[in-house]
Amino acid sequence: MERERKDLQEALTAVFGESDSESDTETEVPCNYSWKAVKEIPGLWLCKGFLSAQQQEELVSAIDSEGWFIDSKHNQAMRFKDLPDWAFELSQFIHDAVSSYALANDSLYLSAESKISMSDMPFNLNLLQRVPLFDQMIVNRYQPGEGICAHVDLLRFEDGIAILSLESTCVMHFTQCMPNVSILESELRYNHQAGHTFAANQKQSCGQQEKVPVLLEPGDLVLLSGEARYKWTHEINRSEACQTWEGELICQMRRTSVTLRKLTISEEVHTS
Ligand SMILES: O=C(O)CCC(=O)C(=O)O
Ligand SMILES: [Fe+2]
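These figures come from a predicted structure and were not determined experimentally.

Visitor: How should the overall build of the chain be read in this particular structure?
Guide: From N to C terminus, the chain includes eight helices and 14 strands. Split into buried and exposed, the 272 residues of the chain put 32% on the buried side. Long-range contacts, defined here as pairs at least 24 residues apart, represent 85% of the contacts in the chain between residues at least 6 apart.

Structure, rendered in structure tokens:
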């Protein structure tokens, strides 16, 4: 068993680097986050308190400084390849947080046959090794009442998606897709104040399925891979009735989210 443990440590170190090197300790920021796997949905991980209140404030000001949302008509910004510095740092921080989790829980990854099993990691080793981890970003800004319809992210993006939630608490619902029906992201935004409703095909394909609610507070990070990314839709329905948690209505504020993804190789060619 010791031998396998050593092999595993070497594999993790090869991917993540030395965790206790001097340079790491010098730059270390104290972290108060905690990782949680959403048990009903394989591949869905939540990192509670991923960003501190101060980090959230700095990130929202960096986003505001981009000037994307000065005109209130604009509620979404997309970037490909050259991400702003703050998004690059965010990617790095995600990578480091998953790596730390893996290193701290390495015994979990030894399966019965002493083979390295990565199913208990927020992202598996293949995802963590890819460079860059993310090269596409969407920032969404939602006013109270605005949300996003049930969808599976487009297949032009690889597995391994991160969503950071800022400014308002909300409930994101996940629904298992029916076999052979795909609901890919398209025209997704809906606005309860403006009376828009769900994407037409949503009811037909997911209406009968039970929804799994996940509470996202400001500073929380969601990671989707495998089944959670391909076989479950996610949505945020900000009609009042859908935004309750433990029987209480959630007070809706303006909400900003940052989604980070990686384009598939064929899409990289098209966008270059
Ligand atoms: O705003 C969110 O939290 C979700 C965004 C999302 O699902 C997407 O951009 O595909
Ligand atoms: Fe999405």
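Visitor: Looking at this structure, I do not really get the sheet that holds strand E4 (residues 136–142). What am I missing?
Guide: Hydrogen bonding along the main chain pairs the strands of a sheet, whether they run parallel or antiparallel. Here we have seven strands laid out as an open sheet, ordered E1-E2-E10-E6-E14-E4-E3, and antiparallel in their pairing. The open sheet has two free edges, formed respectively by strand E1 (34–37) and strand E3 (76–80), since each of these has just one partner strand. Along the sheet, successive strands turn relative to each other by an average axial angle of 15°, direction set aside. Across four bridges, strand E2 (residues 44–48) lies against strand E10 (residues 221–224) in antiparallel orientation. Directly across from Trp-45, in E10, lies its bridge partner Leu-223. The strands touched by helix H3 (residues 53–65) are E4, strand E6 (161–166) and strand E14 (255–261); relative to E6, the strand with the most contacts, the crossing angle is about 100°.

Visitor: Any chance you could explain the nonpolar core here in plain terms?
Guide: Among soluble globular proteins, nonpolar side chains are generally buried collectively. If you look at the biggest cluster of nonpolar residues, it comprises 46 residues, and the most contacted ones within it are Val-98, Ala-162, Leu-164, Leu-221, Val-222, Leu-223 and Val-258. When residues in this core are grouped by element, the largest group, six residues, is from helix H4 (residues 85–104). Discounting chain neighbours no more than four positions away, the residues touching Val-258 are Ala-87, Leu-90, Met-137, Val-139 and Leu-164.

Visitor: Got a minute to help me understand the site of ligand 1 in this structure?
Guide: Neighbouring residues of ligand 1: 11 residues in total, closest Ile-138, Asn-140, Ile-163, Ser-257 and Thr-259. Residue assignment for the shell around ligand 1 shows that the elements contributing at least two residues are E4, E6, strand E11 (232–236) and E14. Per-class residue counts for the shell around ligand 1 are four nonpolar, five polar and two charged.

Visitor: I would appreciate a short explanation of H4 in the present structure.
Guide: Given 3.6 residues per helical turn, the α-helix brings residues three or four places apart onto the same face. Relative to the 28 Å expected for 20 residues at 1.5 Å per residue, H4 spans 28 Å between its end C-alpha atoms, a close match to the ideal helical length. Residues of H4 that are buried: Ala-87, Leu-90, Ile-94, His-95, Val-98, Ser-99, Tyr-101 and Ala-102.

Visitor: When you look at the environment of Pro-218 in this model, what are you seeing that I'm missing?
Guide: Locating Pro-218 in the fold gives a position in the loop between strand E9 (211–216) and E10. With near-sequence residues (within four places) excluded, Pro-218 lies in contact with Gln-56, Ser-165, Leu-166, Glu-167, Ser-168 and Thr-169.

Visitor: Is there a simple way to explain unusual backbone geometry in this structure?
Guide: Across residues other than glycine, the phi torsion is negative in most instances, and most of the peptide bonds are trans. In the segment running from Val-131 into Pro-132, the intervening peptide bond is cis, with an omega of -10°. Even without glycine at this site, Glu-167 takes up a positive phi of about 80°. For Glu-167, the position within the fold is in the loop between E6 and strand E7 (170–176). On the neighbour-count criterion, Glu-167 (18 C-beta atoms within 10 Å) is partly exposed. Unusually for a residue other than glycine, Glu-246 sits at a positive phi of about 50°. Its location among the elements puts Glu-246 in the loop between strand E12 (244–245) and strand E13 (248–249). For Glu-246, a count of 5 C-beta atoms within 10 Å corresponds to the exposed category.

Procedures and definitions
- Residues numbered from 1 in each chain as written.
- Chains lettered and ligands numbered in written order.
- Predicted model: local features only at pLDDT ≥ 70, side-chain atom pairs only at ≥ 80, totals over all residues.
- Helix = DSSP H or I, 4+ residues; strand = E, 2+ residues; numbered from the N terminus.
- Buried ≥ 20, exposed ≤ 12 C-beta atoms within 10 Å, placed from the backbone.
- Contact = placed C-beta atoms within 7 Å.
- Pairing = 2+ DSSP bridges.
- Axes fitted to C-alpha atoms, helices over the stretch in contact; angles between N-to-C directions.
- Core = buried A, V, L, I, M, F, W, Y, C linked by C-beta atoms within 7 Å.
- Near = placed C-beta within 6 Å.
- Nonpolar A, V, L, I, M, F, W, Y, C, P; charged D, E, K, R; others polar.
- Expected span 1.5 Å × (residues − 1).

In short, the description is geometric, and any link to function would need to be established separately.
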